[in-house]
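A look at the structure
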Amino acid sequence: MTNNLHILEHPLATHKLAILRDKDTPSALFRTTLAELSWLLAYPAFAALTLTPRQIETPLEPMMTASLADPAPCLVSILRAGNGLVDGFSQLCPEASIAHLGLYRDEDTLQPVSYYTSVPHDIATRQVILADPMLATGGSAILGMQKLVEMGVKDIVFACLVASPEGVAAVHDAFPDLPIFTACLDRELNEKGYILPGLGDAGDRIYGT
Ligand SMILES: O=P(O)(O)OC[C@H]1O[C@H](OP(=O)(O)OP(=O)(O)O)[C@H](O)[C@@H]1O
Ligand SMILES: O=c1cc[nH]c(=O)[nH]1
Ligand SMILES: [Mg+2]
């Protein structure tokens, strides 16, 4: 494992992950808990956001402070499950624009298939947080990264909730400098490419499909 893997260690993260992992957690609670966990993950994952100096006046005196640089960051959701993370991130950082990369994983080959792309025209000038709750084989994250790099994006971090050792290794083989922020690092993949112990299919659990 490299220095570019950042694992959230916090009792509340463990507590909320237990709710997400529990197979009896209904979709409604799964969605709200995912949003709450995304707020905890945002704290380290957003730590490198650029600020720009700003002069304001408090009710008592003028002061120099700082605000998010312009243009604001872009939150890139790998559909569908990425929306669960991005919804929470955007509640904390409503200034961010939101982009969508539609990718699904072919169940037989485990290869990602691209079906939709929608990004701001100036994405190359923005800091990007690429978000997907699950990093399994790494195929989806790598394809998402390839698309962003082709668009000229330079400043990217990847945020997920559950990562596998295999997925982290694959992503860092392809993009050694990419910081990965995850709420946990699980044990391994099973023969169908699911993370163990994991939480199952994140998209299905968010949307009740
Ligand atoms: O690391 P990988 O092996 O590529 O697997 C991870 C991908 O699989 C899941 O998406 P899925 O294909 O189930 O699509 P969905 O989010 O629409 O359910 C998950 O949300 C990731 O995008
Ligand atoms: O465990 C896994 C692997 C891929 N996608 C998921 O949603 N869960
Ligand atoms: Mg799915």
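In this report, we go over the structure that sits alongside the text.

What counts and how
- Per chain, residues are indexed from 1 in the order of the written sequence.
- Chain labels run from A onward and ligand labels from 1 onward, assigned in the order the entries are written.
- In view of the model being predicted, local features appear only for residues whose pLDDT reaches at least 70, and side-chain atom pairs are presented and counted only at 80 or more, with totals across whole chains, interfaces and linings using the full set of residues.
- Based on all heavy atoms of the structure, the side-chain values leave hydrogens and waters out of the count.
- Angles shown run from 0 to 180 degrees and are taken between the N-to-C directions of axes, each axis being a line fitted to C-alpha atoms and, for helices, limited to the stretch in contact.
- For the purposes of this entry, the term helix denotes a DSSP run of H or I that reaches at least four residues, the term strand denotes a run of E that reaches at least two, and both are numbered from the N terminus.
- Each angle receives one of four descriptions, namely roughly parallel if under 35 degrees, roughly antiparallel if over 145, roughly perpendicular if within 65 to 115, and oblique otherwise.
- Take the far helix as the reference: if the near one is turned anticlockwise from it by less than a right angle, the crossing is left-handed, and if turned clockwise, right-handed.
- The contact rule is simple, with two residues in contact once any of their heavy atoms fall within 4.5 Å.
- Throughout, the ten residues Ala, Val, Leu, Ile, Met, Phe, Trp, Tyr, Cys and Pro are labelled nonpolar, Asp, Glu, Lys and Arg are labelled charged, and all others, Gly among them, are labelled polar.
- Only a single heavy atom is needed: when it lies within 4 Å of a molecule or strand, its residue is near that molecule or strand.
- Any N or O atom pair separated by 3.5 Å or less is treated as a polar contact, with the protein-specific requirement of one donor-capable and one acceptor-capable atom, and with residues adjacent in sequence counted only for side-chain atom pairs.
- What sets the accessible areas is the Shrake-Rupley method with a 1.4 Å probe; for residues, cover comes only from the shown protein chains.
- As a rule, N, O and S atoms within 2.8 Å of a metal are its donors, except that Na, K and Ca use 3.2 Å; water is not among the atoms, so sites may look incomplete.
- Think of a patch as exposed residues, more than 30% relative accessible area, with no salt bridge, where like charges cluster within 9 Å and nonpolar side chains (Val, Leu, Ile, Met, Phe, Trp, Tyr) cluster within 5 Å.
- A carboxyl oxygen of Asp or Glu within 4 Å of a side-chain nitrogen of Lys or Arg is what we treat as a salt bridge.
- Categorising residues by exposure relies on relative accessible area from a 1.4 Å probe, with only protein chains included: less than 20% of the type maximum marks a residue as buried, more than 50% marks it as exposed, and the intermediate range marks it as partly exposed.
- The arc under discussion is defined with respect to the helix axis, by the directions toward the C-beta atoms.

**Description of the packing of helix 1 (residues 11–21) against helix 2 (residues 27–45)**
Interhelical geometry of helix 1 versus helix 2 gives an angle of 155° and a closest axis separation of 9 Å. In terms of their interaxial angle, helix 1 and helix 2 are classed as roughly antiparallel. In this structure, helix 1 crosses over helix 2, and the sense of that crossing is left-handed. Contacts from L12, A13, K16, L17, I19 and L20 in helix 1 reach L29, F30, T33, L34, E36, L37 and L40 in helix 2. Grouping the amino acids of the contact of helix 1 with helix 2 by side-chain chemistry returns 10 nonpolar, 1 polar and 2 charged.

**Looking at the site of ligand 1**
Around ligand 1 lies a shell of 16 residues, among which R105, D132, T137, G138 and S140 are the nearest. Here an oxygen atom of ligand 1 sits 3.0 Å away from a polar atom, N or O, in the main chain of A81. Taken by itself ligand 1 offers 490 Å² of open surface, and the protein chains cover 92% of this. Among the residues making up the shell around ligand 1, the classes are represented as 7 nonpolar, 5 polar and 4 charged.

**Section: the coordination of the magnesium ion (ligand 3)**
Bound to the magnesium ion (ligand 3) are the protein donor atoms D201 (OD) and D201 (OD), situated 2.4 to 2.7 Å from the metal. Within the secondary structure, D201 is located in the loop between strand 12 (195–196) and helix 6 (202–207).

**Concerning a nonpolar patch on the surface**
On the surface, a nonpolar cluster with roughly 340 Å² of combined accessible area is contributed by Y104, Y115 and Y116. Tracing the backbone shows Y116 in strand 6 (residues 112–118).

**Thoughts on helix 5 (residues 165–174)**
One full turn of an α-helix is made of 3.6 residues, so residues set three or four places apart face in the same direction. Those residues of helix 5 that fall on the buried side of the exposure criterion are G167, V168, V171 and H172. Down the axis of helix 5, the sector holding all buried residues measures 125°, keeping them to one side. Against the buried residues of helix 5 lie strand 1 (5–7), strand 8 (134–135), helix 4 (139–150), strand 9 (156–163) and strand 10 (180–185).

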